[in-house]
Amino acid sequence: MAYERDLRAMEPYKEGIIQAARNNNLEPSLIAGIASRESNGGRALDKDGLGDHGNGFGIMQVNMLRRPERLLVVALLAV
């Protein structure tokens, strides 16, 4: 199933997801679910971490055209 592939793909991000969730009082599963939906756990990204024809960045696909100040959230998860 697709979610199993996404889960395996997100393994390198696991500690970052847990830490970001803890820092923001969120459930890690919420962050992981968004990452799964937005980038297939990172599998849909190019080598630079871009998706959506270069308009989205990182596993959560923050839209750089509309909210560039939110790239900090993605940077925290990419650690």
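Presented here is a report on the structure given in the accompanying data block.

Procedures and definitions
Residues numbered from 1 in each chain as written. Predicted model: local features only at pLDDT ≥ 70, side-chain atom pairs only at ≥ 80, totals over all residues. Heavy atoms only, no water. Core = buried A, V, L, I, M, F, W, Y, C linked by side-chain atoms within 4.5 Å. Buried < 20%, exposed > 50% of the residue type's maximum accessible area, 1.4 Å probe, protein only. Helix = DSSP H or I, 4+ residues; strand = E, 2+ residues; numbered from the N terminus. Pairing = 2+ DSSP bridges. Salt bridge = Lys/Arg side-chain N within 4 Å of Asp/Glu carboxyl O. Polar contact = N/O pair within 3.5 Å; in protein donor to acceptor, adjacent residues only side chain to side chain. Contact = heavy atoms within 4.5 Å.

Things to note about the nonpolar core
Part 1 of the argument: Grouped together as the largest cluster of nonpolar side chains are nine residues: Met 10, Ile 17, Ala 20, Ala 21, Ile 31, Ala 35, Leu 45, Ile 59 and Met 60.
Part 2 of the argument: Of all the secondary structure elements, the ones that give two or more residues to this core are helix H2 (14-23) and helix H3 (28-39).
Part 3 of the argument: In terms of residue count, the dominant contributor to this core is H2 (three residues).

Focus on the sheet that holds strand E3 (residues 62-63)
Part 1 of the argument: A sheet is described by the order of its strands in space; here three strands give the open sequence E1-E2-E3, paired in antiparallel fashion. Strand pairing shows two members of the sheet lacking a second neighbour, strand E1 (50-51) and E3, which therefore form its edges.
Part 2 of the argument: The pairing of strand E2 (residues 56-57) with E3 spans two bridges and is classified as antiparallel. Across the sheet, the residue bridging to Phe 57 is Val 62, located in E3.

Points about the pattern of salt bridges
Part 1 of the argument: Applying the stated criterion to the full structure yields two salt bridges.
Part 2 of the argument: Among the salt bridges present, the one from Asp 6 reaches Arg 43, with a minimum N-O distance of 2.6 Å. Taken together, the positions of Asp 6 in helix H1 (residues 2-9) and Arg 43 in the loop between H3 and E1 put the pair 37 residues apart, joining distant regions of the chain.
Part 3 of the argument: Judged by relative accessible area, Asp 6 falls into the buried class, the value being 4%.

Remarks on the side chain of Asp 6
Part 1 of the argument: Looking at Asp 6, its side chain comes within polar contact range of the side chain of Ser 36, at 2.6 Å.
Part 2 of the argument: Every residue in contact with Asp 6, bar those within four places of it in the chain, is listed here: Ser 36, Asn 40, Gly 41 and Arg 43.

Let's talk about the side chain of Gln 61
Part 1 of the argument: Tracing the backbone shows Gln 61 in the loop between E2 and E3.
Part 2 of the argument: A distance of 2.8 Å separates a polar atom in the side chain of Gln 61 from the backbone oxygen of Gly 58.
Part 3 of the argument: Excluding anything up to four places from it in sequence, Gln 61 contacts Glu 38, Ser 39, Leu 45, Gly 49, Leu 50, Gly 51, Asp 52 and Gly 56.

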